[in-house]
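Spelled out from the first residue to the last, the chains are:
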Amino acid sequence: MARERYADLNPATRPASEAYDPRTVPMAVALFGSAVRERIDDRVHDDWDKPTVGLDGSGGD
């Protein structure tokens, strides 16, 4: 049902010239998979791939 509601986020049918809004990327990836990441702005990729830091200062995944 969610895939139907957010069909405009599907990379298979979305125009290549229409970039994803950074606020919609998590929903698009959740519904349509990692193919969405190929169609987003490089600045979003940079933020997405930042290493995480734990509360104690260690790397933390």
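Worth saying up front: this structure is predicted, and the values here are computed from it rather than measured.

## Here's the deal with the overall build of the protein chain
And step 1. Helix and strand counts for the protein chain come out as three helices and zero strands.
And step 2. In sequence order, the protein chain lays out its α and β elements as α-α-α.
And step 3. Burial statistics for the protein chain: of 61 residues in total, 21% are counted as buried.
And step 4. Long-range pairs, those at least 24 residues apart, make up 24% of the contacts in the protein chain with a sequence separation of at least 6.
And step 5. Summing over all exposed atoms, the protein chain offers an accessible surface of approximately 4800 Å²; the carbon and sulfur share of this is 52%.

## Some points on the environment of Asp21
And step 1. Topologically, Asp21 is positioned in the loop between α1 (2-5) and α2 (25-32).
And step 2. Each C-alpha atom of the pair Asp21 and Leu9 lies 9.9 Å from the other, and the pair is twelve residues apart in sequence.
And step 3. A distance of 2.7 Å separates a polar atom in the side chain of Asp21 from a polar atom in the side chain of Arg23.

## Regarding α2
Helical geometry: 3.6 residues make up each α-helical turn, so side chains three or four residues apart lie on a common side.
And step 1. Among the residues of α2, Val25, Ala28, Val29, Leu31 and Phe32 are the ones counted as buried.
And step 2. Where α2 terminates, the next one or two residues include Gly33, which has phi positive at roughly 85°.

## Considerations on the packing of aromatic side chains
And step 1. One pass over the structure, following the stated rule, counts zero aromatic pairs.
And step 2. Geometry around Tyr20 places Arg14 over its ring, the cationic atom sitting 4.2 Å from the centre.

## Regarding the confidence of the model for the protein chain
And step 1. Put simply, the protein chain has an average pLDDT of 79, and 66% of its residues get 70 or more.
And step 2. Averaged over each element, pLDDT in the protein chain is lowest for helix α3 (residues 42-48) (62) and highest for α1 (94).

## Observations concerning the side chain of Arg14
And step 1. By secondary structure assignment, the location of Arg14 is in the loop between α1 and α2.
And step 2. For Arg14, the side chain forms a polar contact with the main-chain oxygen of Asp8, separated by 2.7 Å.
And step 3. Among residues more than four places away in sequence, those in contact with Arg14 are Asp8, Leu9, Ala19, Tyr20 and Arg39.

## Describing the pattern of salt bridges
And step 1. Inspection of the entire model under this criterion finds two salt bridges.
And step 2. Linking Arg23 and Asp21 is a salt bridge whose minimum nitrogen-to-oxygen distance equals 2.7 Å.

Calculation criteria
- Counting starts from 1 at the beginning of each chain's written sequence and moves along it residue by residue.
- Reporting in this predicted model follows two pLDDT cut-offs: at least 70 for local features of residues, and 80 or more for side-chain atom pairs to be given and counted; totals over whole chains, interfaces and linings ignore these cut-offs and use all residues.
- Each side-chain value is derived from all of the structure's non-hydrogen atoms; neither hydrogens nor water enter the calculation.
- Numbered from the N terminus, helices here are DSSP runs of H or I no shorter than four residues, and strands are runs of E no shorter than two.
- Using a 1.4 Å probe on the protein chains alone, a residue whose accessible area is under 20% of its type maximum counts as buried, one over 50% counts as exposed, and one in between counts as partly exposed.
- Contact criterion: two residues are considered in contact whenever any of their non-hydrogen atoms come within 4.5 Å of each other.
- To measure how exposed things are, a 1.4 Å probe is used in the Shrake-Rupley method; for residues, cover is taken only from the protein chains shown.
- Polar contacts here mean pairs of N or O atoms no more than 3.5 Å apart (in protein, one a potential hydrogen donor and the other a potential acceptor; neighbouring residues in sequence count only if both atoms are side-chain atoms).
- Each aromatic pair joins two rings of Phe, Tyr and Trp (for Trp, the six-membered one) with centres within 6.5 Å, and gets the label stacked for planes under 30 degrees apart, edge-to-face for over 60, and tilted for any other angle.
- By definition here, charges over rings are those cases where NZ of Lys or CZ of Arg is within 6 Å of the ring centre and within 35 degrees of the ring normal.
- Confidence of the predictor at the level of single residues is captured by pLDDT, which takes values from 0 to 100.
- We count a salt bridge whenever a side-chain nitrogen from Lys or Arg sits within 4 Å of a carboxyl oxygen from Asp or Glu.

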